[in-house]
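Working through the structure, step by step
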Amino acid sequence: NQSVSNPALTVSAPASIFVPAGGTATLSVSISLNATVYGVYEGNVVLTSQSTSTSIHIPYWMMLSLPTFPSNGLVDGAGFAKAVSPGDIVSLFGTGLGSAGTGASIVPLPYDINHTTATITGRFTDASGTNTFPVGLFYSSPSQVNFQIPYDVTVGRSSVLQVYLQGMPGNSSLSFTPVAASPGIFTSNGTAVVVHQSGALVTASNPATAGEIVTIYCAGLGAVNPSLLSPYVFDTDPSPIPPATTNATPTVKIGGTAAKVGFSGLTPLLVGLYQINATVGTGTPTGSQSISITVGSATSNSGTTYIH
């Protein structure tokens, strides 16, 4: 019998073998790929005695390719822009980055998901010189890893990202320079994740209205107060209550009309997620409208929201 952890693999073995009393036998097992895949694959070949039903589990493990990613593979996890900032939720795209797609199931975020780990080497605000620290992971798969940039990486100074699978480093590393803010709006099929105060998503059939306060979920809004050193906000940890607020007040535009920002900061009890509470401006055009966020000179991706 056989157990396979990924349908991309076929494990072939004889239906039965004969082992003489007190003797030995050779079992030939072959593993073949059904597709071009990368990552770690593991399972068990199970031998069951036909006379006693005793079972023996023989594990197998194989790794195809080392983690590989292009120099432009690191992006903001909300808007997928190339700029990333301290505390940002980010995505890295490549091949051989992990095994089956798996999300974090605990907080604080784990540093290892299915044997995928990542580190950032750079200058950090709480240490002198160059140091290397692990990063907290949200998700790992063969083609994508989502993680949190440490809050205390130094803006404007080069940092180096490396990904490891089963302790084996990638074929290359990736250099990036954090910026002060890298705003990105989370979207689903192009629709911005904007919710009513009830928590219901703003949609074409459930639009927002002028004068209503809505919440926009986003990433990369930059430094917050209380800061890392306060000490209230830590990498991988749920965001605090009362909520940390951003040092810079963002500008929100819906259909080209400014929406008044009442709150901008980290979403309490979630890791790395920012939110903006804004009032839909009088005179905002109705129907399907674009929404964007600007922090300083950095502007987010444009999502779609709906106004009645």
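Please refer to the structure placed before this passage.
In this text, all values refer to a predicted model and were calculated from it rather than measured experimentally. (Residues numbered from 1 in each chain as written. Predicted model: local features only at pLDDT ≥ 70, side-chain atom pairs only at ≥ 80, totals over all residues. Heavy atoms only, no water.)

Points about the overall build of the chain
Check the secondary structure of the chain and you find 0 helices and 28 strands. The C-alpha radius of gyration computed for the chain amounts to 24 Å, which surpasses the reference 19 Å derived for 308 residues by more than 25%, pointing to a less compact arrangement than a globule. When the backbone C-alpha atoms are referred to their principal axes, the chain occupies close to 85 × 55 × 35 Å. In the chain, once contacts between residues fewer than 6 apart in sequence are set aside, the share between residues at least 24 apart is 61%. Element-wise, carbon and sulfur atoms account for 55% of the exposed surface of the chain, whose accessible area totals about 14500 Å². (Helix = DSSP H or I, 4+ residues; strand = E, 2+ residues; numbered from the N terminus. Rg over C-alpha atoms; globule rule 2.2 N^0.38 Å. Contact = heavy atoms within 4.5 Å. Areas by Shrake-Rupley, 256 points an atom, 1.4 Å probe, with all protein chains shown as cover.)

A word on the packing of aromatic side chains
Taken as a whole, this structure holds 2 aromatic pairs when the rule is applied. Ring centres of phenylalanine 80 and phenylalanine 93 lie 6.3 Å apart, and the angle between their planes is 40°; this geometry places the pair in the tilted category. Of this pair, phenylalanine 80 sits in the loop between strand S6 (74-76) and strand S7 (89-93) while phenylalanine 93 sits in strand S7; the two residues are 13 residues apart in sequence, bridging distant segments of the chain. Using a relative accessible area of 44% as the deciding quantity, one classes phenylalanine 80 as partly exposed. Judged by centre distance (4.7 Å) and plane angle (80°), the rings of phenylalanine 124 and phenylalanine 133 are edge-to-face. What makes phenylalanine 133 partly exposed here is its relative accessible area of 33%. (Phe/Tyr/Trp six-rings, centres within 6.5 Å; stacked < 30°, edge-to-face > 60°. Buried < 20%, exposed > 50% of the residue type's maximum accessible area, 1.4 Å probe, protein only.)

Section: the sheet that holds strand S12 (residues 144-148)
One open sheet holds the 5 strands; their spatial order is S6-S7-S12-S11-S8, and the pairing between them is antiparallel. Since the sheet does not close on itself, it has two edges, and those belong to S6 and strand S8 (102-103), each with one partner. In this structure, S7 lies alongside S12, joined through 5 bridges in antiparallel fashion. Bridge assignment links valine 90 to a residue of S12, and that residue is phenylalanine 147. (Pairing = 2+ DSSP bridges.)

Observations regarding the nonpolar core
Ranked by internal contacts, the top residues of the largest apolar core, which has 27 residues, are Ile216, Val252, Ile276, Ile291 and Ile293. For this core, the secondary structure elements donating two or more residues are strand S20 (213-219), strand S23 (251-254), strand S24 (257-266), strand S25 (274-279), strand S26 (287-295) and strand S28 (303-307). Beyond its immediate sequence surroundings of up to four residues, isoleucine 276 is in contact with Val214, Thr215, Ile216, Cys218, Leu221, Pro250, Val252, Val261, Phe263, Ser264 and Ile293. Among the nonpolar cores identified, the runner-up in size contains 20 residues, and Phe69, Leu92, Ile149 and Leu161 belong to it. (Core = buried A, V, L, I, M, F, W, Y, C linked by side-chain atoms within 4.5 Å.)

What to know about the environment of threonine 154
Along the chain, the position of threonine 154 falls in the loop between S12 and strand S13 (159-165). On the accessibility criterion, threonine 154 (18% relative accessible area) is buried. For the pair threonine 154 and threonine 125, spaced 29 residues apart in sequence, the C-alpha to C-alpha distance is 6.2 Å. Sequence-distant contacts of threonine 154, that is, excluding residues within four places in its chain, are made with Arg123, Phe124, Thr125 and Pro178. Among the polar contacts listed, one links the side chain of threonine 154 to the backbone oxygen of arginine 123, at a separation of 2.8 Å. (Polar contact = N/O pair within 3.5 Å; in protein donor to acceptor, adjacent residues only side chain to side chain.)

Digging into the side chain of serine 140
Tracing the sequence through the fold places serine 140 in strand S11 (residues 137-140). A residue is classified by how much of its surface remains accessible, and serine 140, at 1% relative accessible area, is buried. Looking at serine 140, its side chain comes within polar contact range of the side chain of threonine 116, at 3.0 Å. Contacts of serine 140, omitting those with residues within four sequence positions, involve Leu97, Gly98, Ala100, Gly101, Thr102, Ile113, Thr116 and Val145.

A short note on the environment of serine 264
Residue position: serine 264 is located in strand S24. Serine 264 gets classed as buried once you look at its relative accessible area, which sits at 7%. Measuring from C-alpha to C-alpha, the distance between serine 264 and alanine 244 comes to 8.6 Å, with 20 residues separating the pair along the chain. When near neighbours in sequence (up to four residues on either side) are disregarded, serine 264 contacts Leu221, Ala244, Thr245, Thr246, Ala248, Pro250, Gln275 and Ile276. Here threonine 246 takes part through its side chain, which lies 2.8 Å from a polar atom of the side chain of serine 264.

As for unusual backbone geometry
Along the chain, valine 107 connects to proline 108 via a cis peptide bond; the corresponding omega equals -5°. Its location among the elements puts proline 108 in the loop between S8 and strand S9 (116-123). One non-glycine residue with positive phi stands out, namely glutamine 166, at about 55°. Here glutamine 166 lies in the loop between S13 and strand S14 (168-169).

A word on the side chain of threonine 116
By the secondary structure assignment, threonine 116 is in strand S9. Using a relative accessible area of 0% as the deciding quantity, one classes threonine 116 as buried. When neighbours within four sequence positions are excluded, threonine 116 is seen to be in contact with Leu97, Gly98, Tyr111, Leu137, Ser140, Val145, Val163, Tyr164 and Leu165.

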